[in-house]
Amino acid sequence: VQLQAFGGGLVQAGGSLRLSCAASGRTFSSYNMGWFRQSPGKEREFVAAITRSGGSTYYADSVKGRFTISRDNSKNTVYLQMNSLKFEDTAVYYCAADIRTKMGLRTLPGYYNDWGRGTLVTVSS
């Protein structure tokens, strides 16, 4: 599946952004989806994941209570609503697809087989 993330931008600390990730193809609903982020000089880190039905989600501790992942399979799109943004949330955000849905929601980037081009989120302090 081909993915394209968008919706990033510059926001003040405490503000909100919603990222979207549009998928091409007819099999979007077959994939668990994840959001990751990467800051300069750091490894890519897990942010959130959602099952293919949207029934279950999982979050990194650093974003729990502030970020919400959701999906609309009729629109082949997964979202990341980011509230109460902090300076340390600044990063390039990537969406990714995991076809091995029987393994549950996974947090390691290596388990995700398809990646979109990232979108930059900059939070000013």
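Heads up: the structure comes first, above all this text.
Here the structure is a predicted model, which is why all the values come from computation and not from measurement.

(A) Main features of the packing of aromatic side chains. By the definition in use, this model includes 6 aromatic pairs. Their ring planes at 55 degrees and their centres at 5.0 Å tell us that Phe-36 and Trp-115 sit as a pair that is tilted. With Phe-36 in strand 4 (residues 32-38) and Trp-115 in strand 10 (residues 114-115), the pair connects residues that are 79 residues apart, well separated along the chain. Using a relative accessible area of 28% as the deciding quantity, one classes Trp-115 as partly exposed. Through successive ring pairs, a cluster of aromatic residues spans Phe-36, Phe-46, Tyr-58, Tyr-94, Tyr-112 and Trp-115. The positively charged end of Arg-44 is found above the aromatic ring belonging to Tyr-94, 3.8 Å away from the centroid. The cationic tip of Arg-71 hangs over the ring face of Phe-28; the distance from NZ or CZ to the ring centre is 4.4 Å.

(B) Unusual backbone geometry, seen in detail. In this structure, Asn-76 takes a positive phi of about 50 degrees despite not being glycine. Tracing the backbone through its elements, the reader meets Asn-76 in the loop between strand 7 (67-72) and strand 8 (77-82). Take Asn-76: its relative accessible area is 19%, and that puts it in the buried class. Although it is not a glycine, Ser-84 adopts a positive phi angle of roughly 50 degrees. With respect to the helices, strands and loops of the structure, Ser-84 is situated in the loop between strand 8 and strand 9 (91-98).

Calculation rules
Each chain has its residues counted from 1, following the order in which its sequence is written. pLDDT decides what is reported in this predicted model: residues at 70 or higher carry local features, side-chain atom pairs at 80 or more are listed and counted, and totals for whole chains, interfaces and linings draw on all residues regardless. Side-chain measures here rest on the full set of heavy atoms in the structure, leaving out hydrogens and waters. We call Phe, Tyr and Trp rings a pair once their centres come within 6.5 Å, taking the six-membered ring for Trp, and we label the pair stacked below 30 degrees between planes, edge-to-face above 60, and tilted otherwise. Helix numbering and strand numbering both begin at the N terminus, where a helix is a DSSP run of H or I of at least 4 residues and a strand a DSSP run of E of at least 2. Burial here depends on accessible area, computed with a 1.4 Å probe over protein chains only, as a share of the maximum for the residue type. Under 20% is buried, over 50% is exposed, and the range in between is partly exposed. The criterion is that NZ of a Lys, or CZ of an Arg, lies within 6 Å of the ring centre and within 35 degrees of the ring normal, and then a charge sits over that ring.

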